[in-house]
Amino acid sequence: PFVDGQARAHKSASSKMVEVPEEITIRSEGRLMRAIVYWKLTAENRVSVGYDHFTLCKESGQWKILNLVFYGTD
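### Points about the nonpolar core
Working step 1: Formed by Met33, Ala35, Val37, Phe54 and Leu56, the largest nonpolar core amounts to 5 residues.
Working step 2: Mapped onto this core, the elements with two or more residues apiece are strand S2 (32-43) and strand S3 (46-59).
Working step 3: For this core, the element with the most residues is S2, which contributes 3 residues.
Working step 4: Apart from the residues lying within four places of it in its own chain, the contact partners of Phe54 are Phe2, Met33, Arg34, Ala35, Val37, Ile65, Asn67 and Leu68.

### Describing the sheet that holds strand S1 (residues 17-29)
Working step 1: Strand order in the open sheet formed by 4 strands is S1-S2-S3-S4, and the pairing between neighbours is antiparallel. On the outer flanks of this sheet lie S1 and strand S4 (62-72), each paired with one strand and no other. Mean inter-strand twist for the sheet, computed between neighbouring axes without regard to direction, equals 20°.
Working step 2: Bridge count between S2 and S3: 12 bridges; the pairing is antiparallel. Looking at the pairing, Lys40 lines up with Val49 of S3.

### Side note on the pairing of S3
Working step 1: In this structure, the hairpin formed by S2 and S3 is closed by a connection of 2 residues, where Glu44 is found at a positive phi of approximately 55°.
Working step 2: Pairing geometry for S3 and S4, over 10 bridges, is antiparallel. Each residue of the ladder has a partner; that of Gly50, found in S4, is Gly72.
Working step 3: From the end of S3 to the start of S4, which pair antiparallel, there are 2 residues, and Ser60 there has a positive phi angle of about 50°.

### A word on the packing of aromatic side chains
Working step 1: This structure, assessed with the given rule, holds 2 aromatic pairs.
Working step 2: Centre to centre, the rings of Tyr51 and Tyr71 are 5.7 Å apart; their planes meet at 35°, and the pair counts as tilted. Of this pair, Tyr51 sits in strand S3 while Tyr71 is found in strand S4, placing the two residues 20 residues apart along the sequence.
Working step 3: According to the relative accessible area criterion, Tyr51 is partly exposed, its value standing at 28%.

### Let's talk about the environment of Val49
Working step 1: With respect to the helices and strands, Val49 occurs in strand S3.
Working step 2: By relative accessible area, which is 19% here, Val49 ends up buried.
Working step 3: Each C-alpha atom of the pair Val49 and Gly5 lies 19 Å from the other, and the pair is 44 residues apart in sequence.
Working step 4: Not counting residues within four places of it along the chain, the set of residues in contact with Val49 comprises Tyr38, Trp39, Lys40, Gly72, Thr73 and Asp74.

Rules and cut-offs
Residues numbered from 1 in each chain as written. Predicted model: local features only at pLDDT ≥ 70, side-chain atom pairs only at ≥ 80, totals over all residues. Heavy atoms only, no water. Core = buried A, V, L, I, M, F, W, Y, C linked by side-chain atoms within 4.5 Å. Buried < 20%, exposed > 50% of the residue type's maximum accessible area, 1.4 Å probe, protein only. Helix = DSSP H or I, 4+ residues; strand = E, 2+ residues; numbered from the N terminus. Contact = heavy atoms within 4.5 Å. Pairing = 2+ DSSP bridges. Axes fitted to C-alpha atoms, helices over the stretch in contact; angles between N-to-C directions. Phe/Tyr/Trp six-rings, centres within 6.5 Å; stacked < 30°, edge-to-face > 60°.

Pasting the structure below:
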């Protein structure tokens, strides 16, 4: 649902948005994976930066997002 929501947000935006991961840190904890992504989002003249903190769990051979905390650092 998160990935679909992001795709819809980018498609429906009044100006083109480009989000790029600047740095990714991944930590494996058994069946869990934690990923911290420092990102930069550009939309016309506006540039935002921030972090995504993902907790993922492997179920039936696929990684699923269990939790996501995100915030901007401007």
